[in-house]
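Next come the chains, spelled out residue by residue.
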Amino acid sequence: MMDVLRIRLREIAAAGSLALPRAASRIQSKLRADATTKRGNVPEISATDTANAVFVTAPEWVHTKAKDLGQPDDWKDILAEEVRRAAEGE
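Read on for an overview of the structure.

Some remarks on the overall build of the protein chain
Argument step 1. A tally of regular secondary structure across the protein chain gives three helices and two strands.
Argument step 2. The helix and strand sequence of the protein chain, counted from the amino end, reads α-β-β-α-α.
Argument step 3. Its C-alpha atoms give the protein chain a radius of gyration of 16 Å, clearly above 12 Å, the size a compact globule of 90 residues would have.
Argument step 4. Taken over the C-alpha atoms alone, the protein chain extends approximately 60 × 20 × 20 Å along its principal axes.
Argument step 5. Counting every position in the protein chain, which comprises 90 residues, the buried fraction comes to 26%.
Argument step 6. Taking the intrachain contacts of the protein chain between residues at least 6 apart in sequence as the baseline, contacts between residues at least 24 apart amount to 59%.
Argument step 7. Element-wise, carbon and sulfur atoms account for 56% of the exposed surface of the protein chain, whose accessible area totals about 6,300 Å².
Argument step 8. Of the side chains in the protein chain, 14 bear a positive and 14 a negative charge, and the two mean positions are spaced by 2 Å.

Laid out in structure tokens, this is it:
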């Protein structure tokens, strides 16, 4: 029983290192799609994973528009979903 618990705790502790790169990729794709202009121009956007976070880089107007539209809440949901998936072993 204790061995199973130890293994599970290690899996949960490792969830971040699995979830962050996947979340960064999804957030970057979503933000690029959301920020594409009517003319089809895509601003330079990147979302990279660090040791304990996803860092989003984009022009100031993209960040402002994203905040106005509540998109950071969507990014948080993506991150939470990826952490759940990683913790469940997916």
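The structure having been displayed, the exposition proceeds.
Points about a nonpolar patch on the surface
Argument step 1. Taken together, the side chains of Met2, Leu5, Leu9 and Ile12 define a hydrophobic patch exposed on the protein surface, amounting to about 390 Å² of accessible area.
Argument step 2. Within the secondary structure, Ile12 is located in helix H1 (residues 2-35).
Argument step 3. By relative accessible area, which is 43% here, Ile12 ends up partly exposed.

Considerations on the side chain of Gln28
Argument step 1. Along the chain, Gln28 falls in helix H1.
Argument step 2. Setting aside residues up to four positions removed in sequence, Gln28 forms contacts with Ile45, Ser46 and Ala47.

Quick notes on the nonpolar core
Argument step 1. Grouped together as the largest cluster of nonpolar side chains are 15 residues, with contacts concentrated most on Ile27, Leu31, Val54 and Val56.
Argument step 2. Those elements giving two or more residues to this core turn out to be H1, strand S2 (54-57), helix H2 (60-68) and helix H3 (71-87).
Argument step 3. Ranked by the residues each element gives to this core, the list is headed by H1, at six residues.

The rules behind these values
Residues numbered from 1 in each chain as written. Predicted model: local features only at pLDDT ≥ 70, side-chain atom pairs only at ≥ 80, totals over all residues. Heavy atoms only, no water. Helix = DSSP H or I, 4+ residues; strand = E, 2+ residues; numbered from the N terminus. Rg over C-alpha atoms; globule rule 2.2 N^0.38 Å. Buried < 20%, exposed > 50% of the residue type's maximum accessible area, 1.4 Å probe, protein only. Contact = heavy atoms within 4.5 Å. Areas by Shrake-Rupley, 256 points an atom, 1.4 Å probe, with all protein chains shown as cover. Lys, Arg positive; Asp, Glu negative; His and termini not counted. Charge placed at Lys NZ, Arg CZ, Asp CG, Glu CD. Patch = residues over 30% accessible without salt bridge, like charges linked within 9 Å, V, L, I, M, F, W, Y side chains within 5 Å. Salt bridge = Lys/Arg side-chain N within 4 Å of Asp/Glu carboxyl O. Core = buried A, V, L, I, M, F, W, Y, C linked by side-chain atoms within 4.5 Å.

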